[in-house]
Amino acid sequence: MDSIRVLIADDDKEIRQLLKAYLEKECYKVDTASDGEEALRMFAERTYNLVILDLMMPKVDGMEVCRSLRTRTNIPIVMLTAKDQEIDKIVGLSIGADDYITKPFSIHEVIARIKAHLRRFLVLGSGTNSNGNQQTQGAQRIQFNTLTIDLKKYVVTKGREELALTAKEFELLKFMASHPEQVFTKTQLFRNVWDSDYLEDDNTVMVHIRKLRLKIEDDPSDPKYIQTVWGIGYKFVGD
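Description of the structure in this document. (Residues numbered from 1 in each chain as written. Predicted model: local features only at pLDDT ≥ 70, side-chain atom pairs only at ≥ 80, totals over all residues. Heavy atoms only, no water.)

**Points about the overall build of the protein**
Each helix and strand in the protein was counted, giving eight helices and 13 strands. Classification of the 239 residues of the protein by burial places 51% in the buried group. Working note: accessible area of the protein is about 11500 Å², and carbon and sulfur atoms make up 47% of it. (Helix = DSSP H or I, 4+ residues; strand = E, 2+ residues; numbered from the N terminus. Buried < 20%, exposed > 50% of the residue type's maximum accessible area, 1.4 Å probe, protein only. Areas by Shrake-Rupley, 256 points an atom, 1.4 Å probe, with all protein chains shown as cover.)

**What about the sheet that holds strand 11 (residues 183-185)?**
If you walk across this open sheet you meet the three strands as 11-13-12, and the pairing is antiparallel. At either end of the open sheet lies a strand with only one pairing partner, and these are strand 11 and strand 12 (226-229). Strand after strand, the sheet turns through a mean of 35 degrees between neighbouring axes, direction not considered. Note that strand 11 and strand 13 (residues 233-236) share three bridges and pair antiparallel. Across the sheet, Phe184 pairs through a bridge with Tyr234, a residue of strand 13. The sheet strands contacting helix 6 (residues 167-177) are strand 11, strand 12 and strand 13, and the helix crosses strand 13 at an angle near 70 degrees. Contacts between helix 7 (residues 186-193) and the sheet are confined to strand 11 and strand 13, with strand 11 contributing the most and set at about 85 degrees to the helix. (Pairing = 2+ DSSP bridges. Axes fitted to C-alpha atoms, helices over the stretch in contact; angles between N-to-C directions. Contact = heavy atoms within 4.5 Å.)

**Quick notes on the pairing of strand 12**
For strand 12 and strand 13, the ladder comprises four bridges, and the chain directions are antiparallel. Looking at strand 13, one finds that Gln227 is bridged to Lys235.

**Things to note about the pairing of strand 7 (residues 141-144)**
Residues in a regular strand point their side chains to alternate faces of the sheet. In strand 7, alternate side chains face the same way, and those of Ile142 and Phe144 are buried while those of Arg141 and Gln143 on the opposite face are not. Judged from the four bridges that link them, strand 7 and strand 8 (residues 147-150) form a sheet pairing that is antiparallel. Considered in strand 8, the bridge of Ile142 is made with Ile149. Following strand 7, the chain reverses through two residues before pairing antiparallel with strand 8; Asn145 in that reversal takes a positive phi of roughly 55 degrees.

Take a look at the structure:
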C-alpha cells in the first residue's frame, strides 16, 4: 500500500488536511493542491493512482482539470464538491469522473469509496498513467465479434482500434460482458461495479452506459452490445 499515491485538489485547506490525514492512516502517499493549475502541474511531475478533485477551484476549475487528466490517464477520478445539482453530476460523470461525492460528506464513506476505486483499478490494471464470442482460459480476454476486452492489459479494442475507456467504463463493460444475456438493474450494476449499496440516483449508471455505447457501438442509438431492458435495466448481448 505504501506505493499508492493520491492527489487531492481542493481550495478548502481544512478539507485537504482532513482527507490527507485519513488517507495517510491507510498508508497512502498523499499530495495536495489548492487550485487546478497547481494540480495539473503536480500531475505532470508525478505518477498518481487516484485523484480527488473539488469542482469549484480557482485558476482552473475541477471540470477542466478532469477533462485534461482524461486525455492522459485512466486512473480513478473522484469529484468532491458542494454542488448537488443533478446537472453537475451528469456533466462531471460525462467528462470522465468515476465518482461524485457532495459536501458535507462522511469522511468514512469517502475513504471507503476511495479504497474501493483503488482496489478495483489496481487489480484490473497497472495503476499508472497512460498517454462468435469466446472467453480465453484464465479469463485473460473476453471477445465478442470484433470487440475484445483484454483483462490482463486493461485494454479494449474494436477491430484494430484501441478504445479510450476510463477505469470505471472498463469495469462496467467487463462486468456486463462477463455475464452475457443476464439482465441487471441499475442498482445491481452500481453494487457490483462501484462496490457500494448506496445508489444516490440513476444518473451515475446511465451516464456510464451512454458513454460506453458511444465508444463500443457502431450505432449508439441502436446498440448491439449493451441493450436496454425497459422497466428493468440493461443486458450485454454478444451475438
